[in-house]
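# Residue-level structural notes
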2 protein chains.
Amino acid sequence: MLRTHTCGELRNTDINKTVTLCGWVQKSRLMGGLTFIDLRDRYGITQLKLSSGNIEGYGRECVIKATGKVIERESKNKNIATGDIEIEIEKIEVLNRAVTPPFTIEDETDGGDELRMKYRYLDLRRNSVRKNLELRHRIAIETRNYLDKLNFLEVETPVLIKSTPEGARDFVVPSRMNPNQFYALPQSPQTFKQLLMVSGFDRYYQIVKCFRDEDLRADRQPEFTQIDCEMSFIEQEDILQTFEGLVKYLFKTVKGIDIPDLPRMSYADAMKHYGNDKPDTRFEMKLIDFKAIASGANFKVFDDAETVIAICAKGAAEYTRKQLDELTEWVKRPQIGATGLVYVRVNADGTIKSSVDKFYNEEALKKWAEACGAEKGDLILVLAGAEEKTRKAASELRLEMGNRLGLRDKNKFSCLWVIDFPLLEWNEGDPNLLASLAGRWHAKHHPFTSPKPEDIELLNSNPGAVRANAYDVVINGVEIGGGSIRIHNKDLQAKMFDILGFTKEEAQKQFGFLMNAFEFGAPPHGGIALGFDRLCSMFGGADSIRDFIAFPKNNSGRDLMIDAPSEISEEQLNELNIANVIKKN
Amino acid sequence: MLRTHTCGELRNTDINKTVTLCGWVQKSRLMGGLTFIDLRDRYGITQLKLSSGNIEGYGRECVIKATGKVIERESKNKNIATGDIEIEIEKIEVLNRAVTPPFTIEDETDGGDELRMKYRYLDLRRNSVRKNLELRHRIAIETRNYLDKLNFLEVETPVLIKSTPEGARDFVVPSRMNPNQFYALPQSPQTFKQLLMVSGFDRYYQIVKCFRDEDLRADRQPEFTQIDCEMSFIEQEDILQTFEGLVKYLFKTVKGIDIPDLPRMSYADAMKHYGNDKPDTRFEMKLIDFKAIASGANFKVFDDAETVIAICAKGAAEYTRKQLDELTEWVKRPQIGATGLVYVRVNADGTIKSSVDKFYNEEALKKWAEACGAEKGDLILVLAGAEEKTRKAASELRLEMGNRLGLRDKNKFSCLWVIDFPLLEWNEGDPNLLASLAGRWHAKHHPFTSPKPEDIELLNSNPGAVRANAYDVVINGVEIGGGSIRIHNKDLQAKMFDILGFTKEEAQKQFGFLMNAFEFGAPPHGGIALGFDRLCSMFGGADSIRDFIAFPKNNSGRDLMIDAPSEISEEQLNELNIANVIKKN
């Protein structure tokens, strides 16, 4: 070792020891003919004291090796763990010089996003970013500890697999040895973990990279990591218990927080009360159906609307006209899509004042207030329009009001299960799917999800009404993971492929191996996958996953640091039996 | 849970309990009007006893759920852990039927390699294969335990990176969002782990998938797993200590074996004594230089040869003429490439008999025996020819004789470090490299390996003589891993790229991010990567890695089970801006 100690470990009890430290110069300064250097490594910062007043050569981010005696510091620094001591340097050596970094290596940096991604290796020097990755390491370790104790086996599934573009788009890999054929990178190890159940592995897990060639919206990454699990001879209740246990264990061991048992909410209730299948339950402010109560007063907007929904924002009656106008503009943004916003102030003095006083007298409005539990000082907000759009807008408005009223504390955690999802959804055309897949039923979860036995007979008559044995774990309004009980019967699986628009031949070609496997004795099984990047950012109290990934890509899927993707040589293309197609504009 | 217990846990102490088990029918048989079923799961086998004599429906590999009372078995089975009891069945249900598997689900199966790979999910049901993957899980867990205690952080590095075809060929991934550009899959996370050191992560590890598009020789896989590690502020000695510690820890915790400290052998000594940079040191039989002792007797074969090498096979003097002829044919095979084999029998009665008695009298041969420590009963085998070829052939012959004499016991482990590797090797043309890379110096380890400081001045005058700060860990003649101290100086790194035939522009384009990173304060650092698949197969006492990988590919890089790679649609190709090139024959 070039050092005897790290920069984070020396204390009062080490005084008079001769030590050697290595690290980076956080800062150096001259004072009274002496030079003081803050030397930094992953473990902390230690102050070096040089009797020479020559500060040159010890600029920011230089790599230094210094030997000296631990002495008591005259003016102690209570902000750092080594603040009681400093090192009286006898010998100092510059191991590597550094040019000035393009941004400051501090918790709050002056570097913009793109610059930080280009120099990611410098960004990772920042305490705040490194701590995120240390947290990630800790969560991974504890996840493994928990699952290992429950007899789960970690099994690595292959990365070079087969393209089955029924979910999002696959990334593909041309095979040099098999001309004009391609591997695909897995969107998840779904079929493999099911095959492991057919193999009798009983309990499987993996913390595994997955890949999706999506148009990247905010905070998606083309490669992401999931905690992937599967169990045999279980029912839905067992999965919920086991992974509720994991969530609680992680909160306890990593964050020291006791999380209560996770409540369960049906998909139907989530949509009804929150307009959202991943409700943020840190706060109430449920969606109230106002259609009946608000109709028949000759207010055409409500009378003609398919749906009228109200929310009650506690304590927001004092919102000014300006604030309400601004909120109205906010709901009319294309991302939210409402046509307008009706408000009712339940004032502190008991009077009620609304933007629709022309149509509703105080008595009517009192009934509104009653209907949504509004008390003095509360603000009722009402949206109207087509069902799906209005419910979605009401959900967005609820979350926005939650933000504005400070109800979404990042240090408070509210977890729940959403269950009883629909099995299928109609796909009109999704930009993340191949065009040829539009105008079909799609699996809401994936094609291997089992319908609820009591709904199976609806598969032919009313596919949209069939509920699945599927469940999501939601924390603070974010879907952290989801899973399902799988189909383990060959005929039912074949029927699912049929409903999803696969011909028998396509189904056989793409998933024949799975259906064949089911002929040799498949056990009842099910599982779950948790988004590991998202879980880490949630635990870290951050909105973005990017700073919980060591080397993330930007929204165009580029790694700005290594400048990838990039062109490859003609020789490589030739060997792979492919050619670039230059599209005409 | 569908079961109350697994098939491996019931004992005498459970007698009279009512239990429910689930599993697969290992076999069923009729006896005295009763039906006996061996029910199997991952944890073991339990005998079910049915009062009905109806065996139909309970065929091999059916999935069954059975409830009944634990009773004492009349004839106990000492071969299985549950052999004291059986279950008197009250209720039995077939959860899934099974057609007859294409091979038997037994430790010794009747299935051939290709069949087993096609039905891998059935092969994985076999105890022997599943145990391999359980071993793999255990080694991964213990590896993480060891490194976690030493403050290593597990950091995930990206899978979609940049093509740098200086090692083996890269697998590439066309980018839909960046037309005519490609990602590459990593051959190792080398540059990323070095950047993590520049970031001050200090100690990094990852158990990580890597990819190489090689022509697959026996027992190579296009995707493989390595234990990848890097440390800062260390010297070679620290890496050797740390990972020698890991090897010893794994042997102790996983296999219960105490491994002595790893001896160290220079590359030069390994080549001299074993003709091989990964010597199998389970047995001696060193290569002896016979050129001086065997020259000058008018035996043209030896006189004209650049190199004459002998090995002494202990106790093999009784080899018959037929065996020796067969051995001669063996060394003449193209894979070995020797032109012939000279033998000397040191008989039990003290007489010496050789195949070259015409040229060497007994006195001369006695000197030979002395030179290679041959005693009564030993057999001396001598090869001659060009240096490199002969040394390689002698190494192969040594290993073959080791096999024939039973000196390569799979349950005996001999570990060592090979150190002081050459930095560079001349590449005449390697089928695993692009043609454009032939006729150049190549990095023996990789381009980031540091030369020994005392050899740096030879970089210009005699590149082939420069030794590297590089090291391999070798177990039983297999290179389990290797690493090096890295270059952390920008100018030296640039010089290496220059020697390796990169123009300044190429080096900047491919590795600019790393050389730029070195400008911002790179610490001295080094690391190692251990082949995880190989380590597991070594621990499992097997030659092949294939059965230590859940879903391996065959020698054409195909997954026979899912039938990948496969063709993709024109729509997918179009979106990716590539076209298949159909080569004319």
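A brief look at the structure comes next. (Residues numbered from 1 in each chain as written. Chains lettered and ligands numbered in written order. Predicted model: local features only at pLDDT ≥ 70, side-chain atom pairs only at ≥ 80, totals over all residues. Heavy atoms only, no water.)

### As for the sheet that holds strand β6 (residues 153-154) of chain B
Adjacent strands of a sheet pair through backbone hydrogen bonds, lying either parallel or antiparallel. Residue and element names in this part refer to chain B. In spatial order, the strands read β6-β9-β10-β22-β21-β20-β17-β11; together these 8 strands make up an open sheet with mixed pairing. This sheet does not close on itself; its edge strands, each paired only once, are β6 and β11 (264-266). Where strand β21 (residues 478-485) and strand β22 (residues 525-531) come together, 5 bridges link them in antiparallel fashion. Along β22, the bridge assignment pairs Gly 481 with Leu 530. In the packing of helix α4 (residues 190-198) onto the sheet, contacts are made with β9 (203-211), β10 (223-232) and β22, and the angle to β10 comes to roughly 20°. (Pairing = 2+ DSSP bridges. Helix = DSSP H or I, 4+ residues; strand = E, 2+ residues; numbered from the N terminus. Contact = heavy atoms within 4.5 Å. Axes fitted to C-alpha atoms, helices over the stretch in contact; angles between N-to-C directions.)

### Details of the interface of chain A and chain B
Opposite the 130 residues of chain A that make contact, chain B presents 130 residues. Across the chain A/chain B interface, buried area totals approximately 11700 Å², and carbon plus sulfur atoms make up 57% of it. Counting the surface chain A buries against chain B, the share from its top three residues, Tyr121(A), Phe233(A) and Phe520(A), is 7%. Counting the contacts that link chain A with chain B gives 14 salt bridges. With its nearest N and O atoms 2.4 Å apart, the salt bridge here joins Glu575(A) to Arg169(B). Applying the counting criterion to the chain A and chain B interface returns 71 residue pairs in polar contact (both at pLDDT 80 or more). (Buried area = accessible area lost by both parts, 1.4 Å probe. Salt bridge = Lys/Arg side-chain N within 4 Å of Asp/Glu carboxyl O. Polar contact = N/O pair within 3.5 Å; in protein donor to acceptor, adjacent residues only side chain to side chain.)

### Things to note about the relation of the copies chain A and chain B
Taken as rigid bodies, chain A and chain B are interconverted by a rotation of 180° and an axial shift of 0.0 Å, the fit giving an RMSD of 0.1 Å. With respect to symmetry, the two chain copies, as superposed, fit the operation of a two-fold axis. Taken together, the interface assignments show that 100% of the residues at the interface of chain A recur at the interface of chain B, consistent with an identical surface on both copies. (Least-squares fit on C-alpha atoms with pLDDT ≥ 70 in both.)

### Considering the packing of aromatic side chains
By the definition in use, this model includes 50 aromatic pairs over all chains. Ring centres 5.3 Å apart and planes at 40° place the aromatic pair Tyr146(B) and Tyr249(B) in the tilted group. Placement of the pair is Tyr146(B) in helix α3 (residues 127-149) and Tyr249(B) in helix α5 (residues 236-255), with a sequence separation of 103 residues. Given a relative accessible area of 13%, Tyr146(B) falls into the buried group. The class for Tyr249(B) is partly exposed, based on a relative accessible area of 21%. Following the ring pairs from residue to residue traces out a cluster consisting of Phe290(A), Phe299(A), Phe302(A), Phe359(A), Tyr360(A) and Trp368(A). (Phe/Tyr/Trp six-rings, centres within 6.5 Å; stacked < 30°, edge-to-face > 60°. Buried < 20%, exposed > 50% of the residue type's maximum accessible area, 1.4 Å probe, protein only.)

### Comments concerning the pattern of salt bridges
Scanning the model with the defined rule gives 102 salt bridges over all chains in all. One salt bridge in this structure joins Arg467(B) and Glu454(B), with 3.5 Å as the shortest N-O distance. Separated by 13 residues along the polypeptide, Arg467(B) in the loop between α12 (458-461) and β20 (470-475) and Glu454(B) in the loop between β19 (440-443) and α12 bring together distant segments of the chain. For Arg467(B), a relative accessible area of 30% gives the class partly exposed. Where salt bridges share partners, they join Asp113(A), Arg116(A), Arg120(A), Asp123(A), Arg126(A) and Asp547(A) into one cluster.

### Observations regarding the state of the cysteines
Counted by the stated rule, this structure contains 0 disulfides over all chains. Here Cys210(A) is not cross-linked by a disulfide; its sulfur's nearest cysteine counterpart is in Cys229(A), at 12 Å. For Cys210(A), a relative accessible area of 0% translates into the label buried. Considering cysteine sulfurs only, Cys372(B) is the nearest to Cys312(B), which forms no disulfide, with 4.9 Å between them. (Disulfide = S-S within 2.5 Å.)

### Considerations on the sheet that holds strand β6 (residues 153-154) of chain A
All names here are of chain A. Read across the sheet, 8 strands follow the order β6-β9-β10-β22-β21-β20-β17-β11 without closing on themselves; strand pairing throughout is mixed. For this open sheet the edge positions go to β6 and β11 (264-266), each flanked by a neighbour on one side alone. Inspection of the sheet shows strand β17 (residues 415-419) paired to strand β20 (residues 470-475) by 5 bridges, in the antiparallel sense. Across the sheet, residue Leu 416 finds its bridge partner in β20, namely Val 474.

### What about the packing of helix α9 (residues 321-332) of chain B against helix α11 (residues 387-404) of chain B?
Residues and elements named next belong to chain B. Two numbers describe how α9 lies on α11: the axes approach to 11 Å, and their chain directions differ by 140°. When the interaxial angle is binned, α9 and α11 end up oblique. When the axes of α9 and α11 are compared, the crossing they make is right-handed. Taken together, the residues of α11 that come into contact with α9 (itself represented by Glu 326, Leu 327, Trp 330 and Val 331) are Glu 396, Leu 397, Glu 400, Met 401 and Arg 404. Taken together, the residues of the contact of α9 with α11 sort by class into 5 nonpolar, no polar and 4 charged. (Parallel < 35°, antiparallel > 145°, perpendicular 65-115°, else oblique. Left-handed = near helix turned anticlockwise from the far one by under 90°. Nonpolar A, V, L, I, M, F, W, Y, C, P; charged D, E, K, R; others polar.)

### Details of the environment of Ala310(A)
All names here are of chain A. Residue placement: Ala 310 occurs in strand β13 (residues 307-313). Given a relative accessible area of 0%, Ala 310 falls into the buried group. Along the sequence, Ala 310 and Thr 82 sit 228 residues apart, while their C-alpha atoms lie 56 Å from each other. In contact with Ala 310, other than residues within four places in its own chain, are Lys 286, Leu 287, Ile 288, Phe 290, Ile 380, Leu 381 and Val 382.

### Some details on the pairing of β10(B)
Residues and elements named next belong to chain B. Counting buried residues along β10, 10 of its 10 residues qualify, which places the element largely inside the surrounding structure. Relative to β10, β9 is paired through 9 bridges, and the arrangement is antiparallel. The residue of β10 that forms the bridge with Cys 210 is Phe 224.

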